[in-house]
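Listed below are the residues making up each chain.
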Amino acid sequence: MKPSLKITFLLGGMICSCSMLSAQNKLKVSANLPTLPEGKKVYLIDIVTRVTDSTIIKDHKFELSAKTDSSSFYIVQVGPEFSKELGFYMHMGPGEVNVSGNAKRLSDATFSGSQFVDRWGEMISYMEKSCGMSMDEAQDLAVQMEKAQNIGDTEASQNLQKKYADYVEKGKTAAKEWLKKYPNDPVSVYVINGFLFNKIALNEMQDLIKQLGPQARMSRLATLMLNLKMPAAIENALLNKQAPDFVLSDASGKTVKLSDYKGKYVLLDFWASWCAPCRKEMPFLKKAHEQFGQKNFTLLSLSVDEDQGKWRKVLEDEKLAWPQLVDDSAKQAQKLYGLSLIHI
């Protein structure tokens, strides 16, 4: 850790400490759990800016920090991939998060610190009670639904779809009630993202963000969602028209054009190595490739990773058999197809 220089100004009898101001613009996450694996690398990731801090676990402890002038959505994870056992996520701001206890899973540990920590816990409890299940249970339900669809179990698929739709509707109602109660809390921005994004019209979602208080609207996640374009604009530009062509490279450096697959049905799959839901979809994509790959159909996966090393590591681990491309530094394909973000 670099030594800090503390400078004190004296103006009209008022003392202003630069180190104090710096602390007000800093997020610190520390953990002390006996279950933390010794010597492993742990990461703090701002999911909006992709800025990352990392350190090594020593004596089953770690401390991570980030400079921030507003709140954002962060992931803390041990190792290069997220897992429920050794990771958690939270909408955090300047302040402190302390993790302790004897829980087997990092996400089940005891959390304390700044006000946003308690608010996050309150929100998780409120939404779980209102929806009748936790977010983890809802994700597992979605996976079961996909499996039922893939094996052709229509009855199970319909029952699971009904259960998931009930969760979504309850979540929408509960989210709007939460916003009424905490209109100026940055955690409310996550509530919009987690329970209303892609479940209500984009303009309606953005109106809800605009109605939040100034502290909530400062969240980087709020800014990101406010800058999203209406899907109709993208749809009108591409509907019933030839798909925009692009020229990108695959993992071996070979140049590949979308037009190389002219005459085939092509599923474009935008993803990233850090996107946990994207990784969960891969078994289903593999099955689709096996089932339809010889029937005038092809999958074409486009990674938006800026760190190609992480992209190549996933390709090696997953052994994906269809064409794998990475978008260029100009974000060519993302701009052509109006991709604003990958939803986590």
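Anything mentioned here points back to the structure above.
Calculation notes
- Residues numbered from 1 in each chain as written.
- Predicted model: local features only at pLDDT ≥ 70, side-chain atom pairs only at ≥ 80, totals over all residues.
- Heavy atoms only, no water.
- Helix = DSSP H or I, 4+ residues; strand = E, 2+ residues; numbered from the N terminus.
- Buried < 20%, exposed > 50% of the residue type's maximum accessible area, 1.4 Å probe, protein only.
- Contact = heavy atoms within 4.5 Å.
- Areas by Shrake-Rupley, 256 points an atom, 1.4 Å probe, with all protein chains shown as cover.
- Arc of directions from axis to C-beta.
- Pairing = 2+ DSSP bridges.
- Axes fitted to C-alpha atoms, helices over the stretch in contact; angles between N-to-C directions.
- Core = buried A, V, L, I, M, F, W, Y, C linked by side-chain atoms within 4.5 Å.

A. View of the overall build of the chain. Scanning the chain from terminus to terminus reveals 12 helices and 15 strands. Among the 344 residues that make up the chain, the fraction classed as buried is 39%. Long-range contacts, defined as pairs at least 24 residues apart, comprise 60% of the intrachain contacts of the chain with a sequence gap of at least 6. Here the chain has roughly 19500 Å² of accessible surface; of this, 53% comes from carbon and sulfur atoms.

B. Broad picture of helix α6 (residues 202–210). Those residues of α6 that sit buried are Leu202, Met205, Gln206, Leu208 and Ile209. The buried residues of α6 occupy one face: seen down the axis, they fall within an arc of 155°.

C. A look at the sheet that holds strand β4 (residues 41–46). Spatially, 4 strands are ordered β5-β4-β7-β8 in an open sheet, and the strand pairing comes out antiparallel. The open sheet has two edge strands, β5 (52–56) and β8 (87–92), and neither has a second partner. Between one strand axis and the next, the sheet turns by 15° as a mean value, whatever way the strands run. One ladder, built from 5 bridges, connects β4 with strand β7 (residues 72–78); its direction is antiparallel. Bridge pairing links Tyr43 to Gln77 in β7. Where helix α2 (residues 115–131) meets the sheet, it contacts β7 and β8, and its direction lies at approximately 115° from that of β8.

D. Looking closely at the nonpolar core. Formed by 66 residues in total, the largest nonpolar core has its most connected members in Met92 and Phe195. Looking at which element gives the most residues to this core, the answer is helix α4 (residues 154–181), with 7 residues. Residues in contact with Met92, not counting those within four places in the same chain, are Leu27, Val29, Ser71, Ser72, Tyr74, Val76, Val97 and Phe116. By size, the runner-up hydrophobic cluster in this structure holds 26 residues, among which are Phe297, Leu302, Trp311 and Leu325.

E. Structural context of the pairing of β7. Among the 7 residues in β7, 7 count as buried, and that is most of the element. On β7, burial covers both faces: Ser72, Tyr74, Val76 and Val78 on one face and Phe73, Ile75 and Gln77 on the other are all buried. Note: β7 against β8, 6 bridges, orientation antiparallel. By the bridge assignment for β8, Ser72 is matched with Met92.

F. The arrangement of the sheet that holds strand β9 (residues 95–100) in detail. Taken together, the 4 strands give an open sheet; going across it, the order is β6-β3-β9-β10, and neighbouring strands pair in mixed fashion. Edge strands, defined here as strands with exactly one partner in the open sheet, are β6 (61–67) and β10 (110–113). Going across the sheet, the axis of each strand differs from the next one's by a mean of 15°, ignoring polarity. Two elements, strand β3 (residues 26–32) and β9, share 6 bridges in a ladder whose sense is parallel. Pairing of Asn32 across the sheet is with Ser100, part of β9.

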